[in-house]
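What follows is the residue order along each chain.
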Amino acid sequence: MTDATATPDAAPAPHRKKGGSLLELDARTRKRNAAEARFKAYGVIAITIGLLFLVALLFAIIRNGIPAFTQTFLTMEIVLDEETVEAAEGSIVATSQYRNMVAEALQVKLADVGIETDKEPRDLMLMLSPGVGAEVRRVVQESPELIGETVEFRFLTASRVDGYTKGRVQREDLARDRNLDATHLDIVDELMDQGVVERTFNLAFITGSDASESRPEEAGIGVSMLGSLFMMIVVLVCALPVGVAASIYLEEFAPKNRLTDFIEVNISNLAAVPSIVFGILGLAVFIQFAHLPQSAPLVGGLTLALMTLPTIVISTRASLKAVPPSIRDAALGVGASKMQAVFHHVLPLAAPGILTGTIIGLAQALGETAPLLLIGMVGFIASNYPDGLASGFLDPNSAMPAQIYEWAKRADPAYYERAWGGIIILLAFLMTMNIIAIILRRRFERRW
Amino acid sequence: MDDLRLVERDVDTQDIKIAARKVQVFYGDTHAIRDVDVDILDKTVTAFIGPSGCGKSTFLRCLNRMNDTIDVARVEGDIHLDGEDIYDAKVDPVQLRAKVGMVFQKPNPFPKSIYDNVAYGPKIHGLAKNKAELDEIVETALRRAALWDEAKDRLDEPGTGLSGGQQQRLCIARAVATEPEVLLMDEPCSALDPIATAQVEELIDELRQNYAVVIVTHSMQQAARVSQKTAFFHLGYLVEYDETGKIFTNPEDSRTESYISGKIG
């Protein structure tokens, strides 16, 4: 300072510092910066690749799955002539008589809308689902008052016709088809122009039951959805109380010794056991030993509960651990018993974490397929909706992922499409559950 | 040592509240407390001082059996509260802790409302028959902890929303609400700023009228300011225990002198 005031016009002498100027980077810094930039680039690349895969996956699922939610219908009127109905009911194969009714009506319909064809009624029927006869019969039996009237029906078209309107089936493909030929498709085209054949949203895909190999147009995922629901109830009821109680005991009460260490290690290992192992365990214990009904959601739920238990125990223990010990001290310090400290203070604070873990565990169980294959939860349930709770838990059923697996196995491409559609529904459930878990965590998370 | 404001030193009473004889504490293989004999007087503030790791907090936690919660900790020797052995097999530590309250180093209010924080102890011990009585207990406790004026309009707000000093006074109110006979404080001011510290120290001095207060502190000035009796711990031993004035002006043991003059610790 004194120097500066003494000689005010003297420029400050350039003072070389030991490490060089701050204004230019030395080699070492440059190298470090380059390494950092490279590392950041790797991260961005990794995330980009991940995102690309995600986009491709979602695109494939949506592209392949969306058509499953629509179905092609043919609207036509049938005169439910009393004599014909009686004759049909009197015959041995009633539905085939009803089919003939539909066939004749279809011929009339085509003539009505001005389509000329030399095809036989039986041949024309190939455009409709094989189930139309049964549907007419069902309507007749449900509402006999309609007999003698003209009733409008909205029939499912055959899966090939449906595939044609969706672009899945091309005209060239029909060369090898022994049922449908190009003239059928010409009729379909004309009927579509007239509005008789329409492709609309098909609620039956979400609420319906599985159908036989030859009738993919009738198949729906509804029954297996119920199967999954009943299984999840069993999982929740079995795994949550047991898992939470075990975690509280291990975390808060159990002495720390060899035995508890051993149990702890085993629980962590259980979480990594392949799910098929739980499947074969369920088969051996619940079905072969305990003789519980095969293919029942009760057994499926018990098996999945075993699988979910480690997840719940691990997440519950983690959230109990996350509650600061000072809270326990505080409670004990005012003379609360250990149990009061846990139930009044620790558990409420850990609850959001426990719930989140449980939901994640349930979501995992919901999407699990392998153990279900082993305990026979791939039942073919064509029409029997569970009626009531007992039947829901004990009657053979399928589950959503098992149903998707079944459909994917079948030869008809129409089922392939339905498998993708089923995946969309399954993913929608999983996403909903995960979002609920995230909301719970955000909403109730507490920071210290 | 001129900065030490040696307040009123006279010990009002000679009633022994807690008597400890030959207390040993082991953490696994570590012998943390060795042969500690101490008599804690009623209606007196007793300070435990000593360097970090000397065992003063460990000993404090023996007095309400908080060490029971640590699996590897083992306590030997006799500690008598009003002539009753608190380590007797028949003693339920829960009942003991209702009589010997504790305030911790870091303010640790429950993440509940201020009211619920204070009311929790009385509730679980059944001290209040109805809501009106509980309200009264809460008010009295908050008044004793000098928090009533600040908190009376926000009893429903979470205790964790208070400032650090207020939180610590809330913890004191919570401890006081169960009507303890002894109040243990484990470095109650170490997480507080000087103003909050002064408020809590003032409070401790007032609490002396009703309770035996035992305070562990790192700050010798604090010990000198608030306590009537001081115990100096070093390496697990109780080196010296006497009236605070004597410890700080005329210690008998050379280690005590080294510590208070800043040579060890």
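Residues numbered from 1 in each chain as written. Chains lettered and ligands numbered in written order. Predicted model: local features only at pLDDT ≥ 70, side-chain atom pairs only at ≥ 80, totals over all residues. Heavy atoms only, no water.

Caption draft 1: Here's a closer look at the overall build of chain A. Each helix and strand counted, chain A has 19 helices and three strands in total. Taken over C-alpha atoms, the radius of gyration comes to 33 Å for chain A, far larger than the 22 Å a tight globule of 448 residues would show. Oriented by its inertia axes, the alpha-carbon framework of chain A measures out at about 120 × 70 × 35 Å. For chain A, the residues scored as buried account for 43% of the 448 residues in total. Within chain A, contacts between residues at least 6 apart in sequence are counted, and of these 78% link residues at least 24 apart. Carbon and sulfur atoms provide 63% of the accessible area of chain A, an area that totals close to 24500 Å². (Helix = DSSP H or I, 4+ residues; strand = E, 2+ residues; numbered from the N terminus. Rg over C-alpha atoms; globule rule 2.2 N^0.38 Å. Buried < 20%, exposed > 50% of the residue type's maximum accessible area, 1.4 Å probe, protein only. Contact = heavy atoms within 4.5 Å. Areas by Shrake-Rupley, 256 points an atom, 1.4 Å probe, with all protein chains shown as cover.)

Caption draft 2: Structural detail: helix α19 (residues 413–444) of chain A. In this model, α19 of chain A (32 residues) spans 47 Å end to end at C-alpha, consistent with the 46 Å of a helix rising 1.5 Å per residue. With a side-chain oxygen positioned 2.8 Å from the backbone nitrogen of Ala414 of chain A, the residue opening α19 of chain A is Asp412 of chain A. (Expected span 1.5 Å × (residues − 1). Polar contact = N/O pair within 3.5 Å; in protein donor to acceptor, adjacent residues only side chain to side chain.)

Caption draft 3: A look at helix α6 (residues 164–177) of chain B. Here α6 of chain B contains 14 residues, and its C-alpha end-to-end distance of 20 Å stays within 8% of the 20 Å for a straight helix at 1.5 Å per residue. Directly beyond the C-terminal end of α6 of chain B, a positive phi value near 55 degrees is found at Glu179 of chain B.

Caption draft 4: View of the interface of chain A and chain B. Listed per partner, the contact involves 18 residues of chain A and 22 residues of chain B. Interface area for chain A against chain B, summed over the two sides, is near 1600 Å², with a carbon-plus-sulfur share of 62%. Taken together, chain A and chain B are joined by zero salt bridges. Taken together, the links from chain A to chain B amount to four residue pairs in polar contact (both at pLDDT 80 or more). When residues of the side of chain A that touches chain B are traced back to their parent elements, those giving at least two are α14 (325–333) and α15 (338–366) of chain A. Examining the composition of the side of chain A that touches chain B, we find that seven residues originate from one element, α14 of chain A, more than from any other. Taken together, the residues that form the side of chain A that touches chain B break down as eight nonpolar, seven polar and three charged. (Buried area = accessible area lost by both parts, 1.4 Å probe. Salt bridge = Lys/Arg side-chain N within 4 Å of Asp/Glu carboxyl O. Nonpolar A, V, L, I, M, F, W, Y, C, P; charged D, E, K, R; others polar.)

Caption draft 5: How the structure looks around the packing of aromatic side chains. Enumeration according to the criterion identifies 11 aromatic pairs over all chains in this entry. With centroids separated by 5.2 Å and ring planes inclined at 85 degrees, the aromatic side chains of Phe69 of chain A and Phe205 of chain A adopt a geometry described as edge-to-face. One end of the pair, Phe69 of chain A, is in the loop between α2 (27–65) and β1 (70–79); the other, Phe205 of chain A, is in helix α9 (residues 204–207), and 136 residues separate them in sequence. Here the two residues Phe69 of chain A and Phe205 of chain A agree in accessibility, since each one is buried. Stacked on the ring of Phe26 of chain B, the Lys or Arg Arg74 of chain B has its end atom at 4.4 Å from the ring centre. A cation over a ring is seen here: Arg174 of chain B above Phe110 of chain B, with NZ or CZ 4.5 Å from the ring centre. (Phe/Tyr/Trp six-rings, centres within 6.5 Å; stacked < 30°, edge-to-face > 60°. Lys NZ or Arg CZ within 6 Å of the ring centre and 35° of its normal.)

Caption draft 6: Up close: unusual backbone geometry. Positive phi is not limited to glycine here, since His291 of chain A has a value of about 55 degrees. Along the chain, the position of His291 of chain A falls in the loop between α12 (275–289) and α13 (297–322). Positive phi outside glycine occurs at Asp35 of chain B, with the angle close to 50 degrees. Inspection of the secondary structure assignment puts Asp35 of chain B in strand β2 (residues 30–41).

Caption draft 7: Representation of the side chain of Arg208 of chain B in the model. Within the secondary structure, Arg208 of chain B is located in the loop between α7 (194–207) and β8 (212–216). Polar contacts involving the side chain of Arg208 of chain B include one to the side chain of Gln228 of chain B, which spans 3.4 Å.

Caption draft 8: Structural detail: the nonpolar core. In this structure, Phe48, Phe59 and Ile79 of chain B are the most contacted members of the largest nonpolar core, which totals 50 residues. Take this core: its biggest share by element is seven residues, from α15 of chain A. Not counting residues within four places of it along the chain, the set of residues in contact with Phe59 of chain B comprises Ala20, Val23, Ile33, Val36, Val38, Phe48 and Phe233 of chain B. Counting 48 residues, the second-largest nonpolar core is a separate cluster that includes Leu147, Leu155, Ala223 and Tyr259 of chain B. (Core = buried A, V, L, I, M, F, W, Y, C linked by side-chain atoms within 4.5 Å.)

Caption draft 9: A look at the sheet that holds β1 of chain A. All names here are of chain A. An order of β2-β1-β3 is seen for the three strands of this open sheet, with the pairing classed as antiparallel. Each edge of the open sheet carries a strand with a single partner, namely β2 (150–156) and β3 (197–201). In this sheet, neighbouring strand axes are inclined to one another by 40 degrees on average, regardless of whether the strands run parallel or antiparallel. Pairing geometry for β1 and β3, over five bridges, is antiparallel. (Pairing = 2+ DSSP bridges. Axes fitted to C-alpha atoms, helices over the stretch in contact; angles between N-to-C directions.)

Caption draft 10: Summary view of the environment of Ser219 of chain B. All names here are of chain B. By secondary structure assignment, the location of Ser219 is in the loop between β8 and α8 (220–226). Judged by relative accessible area, which is 26%, Ser219 ranks as partly exposed. With 61 residues separating them in the primary sequence, Ser219 and Pro158 have C-alpha atoms 31 Å apart.

Caption draft 11: Local environment of the confidence of the model for chain B. Residues and elements named next belong to chain B. Across chain B, the average pLDDT comes to 87, with 94% of residues at or above 70. A low-confidence stretch, residues 1–6 stays under pLDDT 50, and its non-local contacts, those more than four residues away or across chains, total 11 contacts. Here the predicted complex carries an ipTM of 0.84, next to a pTM of 0.80. (pLDDT = per-residue confidence, 0-100.)

Caption draft 12: Focus on the packing of helix α4 (residues 94–112) of chain A against helix α6 (residues 132–142) of chain A. All names here are of chain A. Between α4 and α6, the shortest axis-to-axis distance is 7 Å and the interhelical angle comes to 100 degrees. In terms of orientation, α4 lies roughly perpendicular with respect to α6. Packed against α4, whose contacting residues are Ala94, Thr95, Tyr98, Arg99 and Val102, the element α6 presents Val132, Gly133, Ala134, Val136, Arg137 and Val140 at the interface. (Parallel < 35°, antiparallel > 145°, perpendicular 65-115°, else oblique.)

Caption draft 13: Inspection of the pattern of salt bridges at higher detail. Considering all chains together, one arrives at 37 salt bridges over all chains under this definition. A salt bridge links Lys119 of chain A to Asp181 of chain A, with the shortest nitrogen-to-oxygen separation between them at 3.3 Å. A residue pair is termed long-range when its members are at least 10 positions apart, and Lys119 of chain A in the loop between α4 and α5 (121–124) and Asp181 of chain A in the loop between α7 (159–166) and α8 (182–194) qualify at 62 residues. Owing to a relative accessible area of 30%, Asp181 of chain A belongs among the partly exposed residues under this scheme. The salt bridge partner of Asp242 of chain B is Lys246 of chain B, with a shortest N-O separation of 3.6 Å. In the salt-bridge network here, residues are joined through shared partners; they are Asp162, Lys166, Arg168 and Glu417 of chain A.

Caption draft 14: Looking closely at the domain arrangement of chain A. Residue and element names in this part refer to chain A. Along its sequence, chain A is carved into domain 1 (67–201) and domain 2 (222–444). Taken over C-alpha atoms, the centre of domain 1 sits 45 Å from the centre of domain 2. If you look at the interface, domain 1 gives nine residues, while domain 2 gives eight residues. Carbon and sulfur atoms make up 55% of the area that domain 1 and domain 2 hide from each other, which totals about 630 Å². A salt bridge links Glu417 to Lys166; the shortest N-O distance between them is 2.9 Å. On inspection of domain 1 and its partner domain 2, the count reaches three residue pairs in polar contact (both at pLDDT 80 or more). Ranked by the residues each element gives to the side of domain 1 that touches domain 2, the list is headed by α7, at four residues. Broken down by class, the residue content of the side of domain 1 that touches domain 2 amounts to three nonpolar, two polar and four charged. (Domains from an automatic or database assignment.)

Caption draft 15: Summary view of a nonpolar patch on the surface. Residues and elements named next belong to chain A. Residues Ile47, Leu51, Leu54, Leu57, Leu58, Ile62 and Ile66 make up a contiguous nonpolar surface patch of roughly 650 Å² in combined accessible area. Tracing the backbone through its elements, the reader meets Leu54 in helix α2. The class of Leu54 is partly exposed, set by a relative accessible area of 45%. (Patch = residues over 30% accessible without salt bridge, like charges linked within 9 Å, V, L, I, M, F, W, Y side chains within 5 Å.)

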